[in-house]
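Take a look at the letters that make up each chain.
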Amino acid sequence: MFVGISSVLTILLMIGTGFFLTKKRWFDDHTAHLFSKIVINVGVPALALESITRQFSTEILKTSLIYVLIAFTSIIILFLLAKIIGKLLKLEKKEKAAFCLLFAFSNAIFMGIPINKTIFGDESIIYVLLFFMASNFLFWTLGIYTMSNANSEDGSKEGLFSNMKRAVTPGLIAILTAFLLVAIDVQLPPFLARTLSYFGNLCVPLSMLFLGINIALINFKQLKIKKSGYVILIARFVLSPLLMLVLLSSIGITGLGKSVFIIEAGLPCQTQTAIAAKYYDVEPEYASIMVSLTTCVSVITVPILALLLA
């Protein structure tokens, strides 16, 4: 219990630092954008290469597929459920598309890495990356397909497979490269492993500062929540982790992997949803509000979840 409380306080202190420095005008929206680019394009790939090649073996590689399949299954179920609920709520086409993505996809990297690493240690990163593989692939294929076609007023539709190239992110390339190196039993040179470790260590502080900046930039006086927004809050922080618990328990998965996946499932809405909504002009204000709101609420819900699992 003490370890869980200590980890939660560490997370809150880092987020609070980003919040404070933003209010002091040291940081702004451009700083947050820079931090996100560093984490996604430098930190995560470096962390993936170093962690997987150091901690994985060919035996672990064979059993890791089940975790990816569980993550796939969880996200697909949530996505289909969101479509059903969207119909019941009689959401318009654009709002329904944004609703489905906000409902189904969690912030697996920006919050997943720092929270799990702080609570469970370096060993948890492997499971975060396995969850990220499924989430990343589905978001940039099924998710972006849904978002792009929601605004196709002329009847033209963007094909699902045409989005495949978007799924090939630096993080995913690094994970697949690391798996290949493990499969052929190739070790990274010590100097390269140390360099990657240093860059990978940027993920935790920059991600937490990024979240603190985003929370500080929210204008709570103008925050208007739609009825569907309350459904998303329930989905993200109650339904999603419960679904993950059921899926993992049904096949007998226990231990660290189970705890990490439940945390991953209970994280706020994925940040890229707001970015995609703005790019495709699909309820960008609604998406931004829900990403911001769930991030704020997660400051309370995720520590509670962490205390239960730590």
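Look up a bit, the structure's there.
Computed from a prediction, not measured in an experiment: that's the story for all the values here. (Residues numbered from 1 in each chain as written. Predicted model: local features only at pLDDT ≥ 70, side-chain atom pairs only at ≥ 80, totals over all residues. Heavy atoms only, no water.)

Caption draft 1: Focus on the overall build of the chain. Each helix and strand in the chain was counted, giving 15 helices and zero strands. The C-alpha atoms of the chain give a radius of gyration of 19 Å, which matches the 19 Å a tight globule of 310 residues would have. The C-alpha extent of the chain, read off along each of the three principal axes, is 55 × 45 × 35 Å. For the chain, the residues scored as buried account for 54% of the 310 residues in total. (Helix = DSSP H or I, 4+ residues; strand = E, 2+ residues; numbered from the N terminus. Rg over C-alpha atoms; globule rule 2.2 N^0.38 Å. Buried < 20%, exposed > 50% of the residue type's maximum accessible area, 1.4 Å probe, protein only.)

Caption draft 2: Region of the structure containing the pattern of salt bridges. Overall, the coordinates contain four salt bridges when judged by the stated rule. Glu283 serves as the salt-bridge partner of Lys226, at 3.3 Å between the closest nitrogen and oxygen. In this pair, Lys226 is assigned in the loop between α11 (203-216) and α12 (227-250) and Glu283 in the loop between α14 (271-280) and α15 (284-309), connecting sequence segments 57 residues apart. Assessed through its relative accessible area of 22%, Glu283 is described here as partly exposed. Connected through shared salt-bridge partners, Glu95, Lys226 and Glu283 make up one network. (Salt bridge = Lys/Arg side-chain N within 4 Å of Asp/Glu carboxyl O.)

Caption draft 3: The arrangement of the nonpolar core in detail. By size, the foremost hydrophobic cluster in this structure holds 105 residues, and its most contacted members are Ile52, Ile113 and Phe261. In terms of residue count, the dominant contributor to this core is helix α7 (residues 125-149) (13 residues). If we ignore the near neighbours within four places in the chain, the residues touching Phe261 are Tyr67, Ile70, Ala71, Tyr127, Leu130, Phe131, Met244 and Leu248. (Core = buried A, V, L, I, M, F, W, Y, C linked by side-chain atoms within 4.5 Å. Contact = heavy atoms within 4.5 Å.)

Caption draft 4: The side chain of Thr294, seen in detail. Structurally, Thr294 is set in helix α15. On the accessibility criterion, Thr294 (0% relative accessible area) is buried. A polar atom in the side chain of Thr294 sits 3.2 Å from the backbone nitrogen of Cys269. The contacts of Thr294, once residues within four sequence positions are left out, are Ile232, Leu233, Phe237, Pro268 and Cys269. (Polar contact = N/O pair within 3.5 Å; in protein donor to acceptor, adjacent residues only side chain to side chain.)

Caption draft 5: Structural detail: the environment of Leu130. Take Leu130: it is sitting in helix α7. Once the C-alpha coordinates of Leu130 and Tyr67 are considered, the two residues, 63 residues apart in sequence, prove to be 6.6 Å apart. Those residues in contact with Leu130 that lie beyond four places of it in its chain are Ser64, Tyr67, Val68, Phe179 and Phe261.

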